[in-house]
Amino acid sequence: MRIARFSHHDAIRYGIVDDTDLVVLAGDPMFAGFDTTGERVPIGDVTLLAPVIPRSKVVCVGKNYHDHAAEMGGEAPTEPLLFLKPNTAVIGPGDAIVRPPQSHDTHFEGELAAVIGRIAKNVPTGDALAYVFGYTIANDVTARDLQRSDGQWSRAKGFDTFCPLGPAIETEFDVDGARLQTRRNGEVKQDAPLTDMIHSVADIIAYASAAFTLLPGDVILTGTPAGVGPFDAGDTLEVEITGLGTLRNPARDA
């Protein structure tokens, strides 16, 4: 089932994607279930929004593909390398990524994102996927020059608009057989199977939940493959994952 969050007639609502329509839900399905209102709205008549706004945090994993770790000049860590993005970084499909004046080297990083569906604390790896509500696409935008100069990643990863999510949440998704591709102005920059991840989604959830409680609506970004690179104002960035669709965002300067 594919769930979209959308704006229509000045109201924010949720719907089940059914071909070219949205079957409108009575409320947020993460908390209110999948009861429908009986309404159908053409997708072309709505504005798609970020499918979820995390209640507390976006948990990210660095260097979770061997080839990306190598291009960043180091070995992949033996355990998931965690960092956080604020929920104020989240934007939706079609929203502009804003390059801040503090940075002159902003990079795209296409990623698979898992959306947590219920409270998770000290979750065993074998049970971890039961805590996932669904999956979507993310772009872990990074001010690479600030990442280098700061020596830690909070500012470089946390600017407003630096976490595009969308276009929808797929509740039934299998990593096996899925590929991630990132394009800058139509040119392929990243292309890798999701099975190349070093630490699986279940591994990451178990590891993160041992450190801090994961809440419904929290988002897990699972790392990016090789091919990350800079983008400029006026560019269009697209991240596509098999079975999840395409997340497309323009870029502009502040």
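Sequence order as written defines the numbering, with residues in each chain counted from 1. For a predicted model such as this one, the threshold for reporting local features is a pLDDT of at least 70, and the threshold for listing and counting side-chain atom pairs is 80 or more; totals across whole chains, interfaces and linings nevertheless cover every residue. As a rule here, side-chain values come from all non-hydrogen atoms in the structure, and water together with hydrogens is ignored.

Visitor: Please clarify how the nonpolar core should be interpreted in this entry.
Guide: For soluble globular proteins, the rule of thumb is that nonpolar side chains tend to be buried together. Residues enter a nonpolar core if they are buried and are Ala, Val, Leu, Ile, Met, Phe, Trp, Tyr or Cys, with the set joined through side-chain atoms within 4.5 Å. The buried label applies to any residue whose accessible area, calculated with a 1.4 Å probe on protein chains only, is under 20% of its type's maximum; exposed applies above 50%, and partly exposed to all values in between. Counting residues in each nonpolar core, the largest one holds 30 residues, and the members touching the most others are Leu112, Tyr135, Phe173, Leu194, Ile205, Ile220 and Ile241. In DSSP terms, a helix is any run of H or I states spanning at least four residues, a strand is any run of E spanning at least two, and both are numbered starting from the N terminus. Broken down by secondary-structure element, the contributors of at least two residues to this core are strand 6 (58-62), strand 11 (110-116), strand 12 (132-139), helix 5 (201-209) and strand 19 (236-241). Among the elements that take part in this core, helix 5 stands out by supplying 5 residues, more than any other. Whether two residues are in contact is decided by their heavy atoms: any pair within 4.5 Å suffices. Among residues more than four places away in sequence, those in contact with Phe173 are Leu112, Tyr135, Ala178, Leu194, Ile241, Thr242 and Leu244.

Visitor: I tried to follow the side chain of Lys85 on my own but got confused; where do I start?
Guide: Here Lys85 is to be found in strand 7 (residues 81-85). Among the polar contacts listed, one links the side chain of Lys85 to the side chain of Asp140, at a separation of 2.8 Å. Whenever a nitrogen or oxygen atom comes within 3.5 Å of another N or O atom, the pair is scored as a polar contact, on the condition that within protein one atom can donate a hydrogen and the other can accept it, and that pairs from neighbouring residues in sequence are kept only if both atoms are in side chains. A polar contact of 2.6 Å, which involves the side chain of Lys85, links it to the backbone oxygen of Lys157. Ignoring sequence-local partners within four residues, the contact set of Lys85 consists of Lys57, Val58, Cys60, Asp140, Val141, Lys157, Phe162, Cys163 and Leu221.

Visitor: What am I meant to see in unusual backbone geometry here?
Guide: Negative phi characterises most residues that are not glycine, and trans characterises most peptide bonds. With an omega dihedral of 5°, the bond running from Gly166 to Pro167 counts as a cis peptide bond. Positionally, Pro167 belongs in strand 14 (residues 163-170). Although it is not a glycine, Asn122 adopts a positive phi angle of roughly 55°. In this fold, Asn122 is placed in the loop between strand 11 and strand 12.

Visitor: Looking at this model, I keep getting lost on the environment of Glu170. Mind explaining?
Guide: Residue placement: Glu170 occurs in strand 14. Spatially, the C-alpha atom of Glu170 lies 6.4 Å from that of Ile3, the residues being 167 residues apart in sequence. Beyond its immediate sequence surroundings of up to four residues, Glu170 is in contact with Met1, Arg2, Gly134, Tyr135, Gly243 and Leu244. Engagement of the side chain of Glu170 in a polar contact is seen with the backbone nitrogen of Met1, the distance being 3.0 Å.

Visitor: What is the right way to read the packing of aromatic side chains from this model?
Guide: How two aromatic rings sit relative to each other is set out by the distance from centre to centre and by the angle between their planes. Two aromatic rings from Phe, Tyr or Trp, using only the six-membered ring of Trp, form a pair when their centres are within 6.5 Å; if the ring planes differ by under 30 degrees the pair is stacked, by over 60 it is edge-to-face, and anything between is tilted. Inspection of every chain in the model, using the stated rule, returns 4 aromatic pairs. Residues Phe83 and Trp153 carry aromatic rings whose centres are separated by 5.0 Å and whose planes lie at 70° to one another, so their mutual orientation is edge-to-face. Remark: Trp153 occurs in the loop between helix 3 (144-150) and helix 4 (154-158) and Phe83 occurs in strand 7; sequence separation between them is 70 residues. Classification of Phe83 by relative accessible area gives buried; the value is 9%. What makes Trp153 partly exposed here is its relative accessible area of 22%. Considering the side-chain rings of Phe159 and Phe162, the 5.3 Å spacing of their centres and the 55° angle between planes classify their relative orientation as tilted. When sorted by exposure, Phe159 lands in the same class as Phe162, which is buried. Over the ring of Tyr131 we find Arg118; its NZ or CZ atom is 3.9 Å from the centre of that ring. A positively charged side chain is recorded as over a ring if its NZ (Lys) or CZ (Arg) lies within 6 Å of the ring centre. The angle to the ring normal must also be within 35 degrees.

Visitor: Looking at this structure, I do not really get the pattern of salt bridges. What am I missing?
Guide: Once their charged atoms are close, side chains differing in charge can pair, the charge on each being opposite to the other. Salt bridge, as used here: a side-chain nitrogen of Lys or Arg that lies within 4 Å of a carboxyl oxygen of Asp or Glu. One pass over the structure, following the stated rule, counts 19 salt bridges. For Glu109, the salt bridge identified is with Lys157, shortest N-O distance 3.4 Å. Separated by 48 residues along the polypeptide, Glu109 in the loop between strand 10 (106-108) and strand 11 and Lys157 in helix 4 bring together distant segments of the chain. Take Glu109 and Lys157: they sit in the same class, and that class is buried. Measuring nitrogen to oxygen at the nearest pair gives 2.9 Å for the salt bridge that ties Arg183 to Glu240. Of this pair, Arg183 sits in strand 15 (residues 179-184) while Glu240 sits in strand 19; the two residues are 57 residues apart in sequence, bridging distant segments of the chain. Judged by its relative accessible area of 32%, Glu240 falls in the partly exposed class. Overlapping salt bridges bring together Lys85, Glu109, Asp140, Arg144 and Lys157 as one network.

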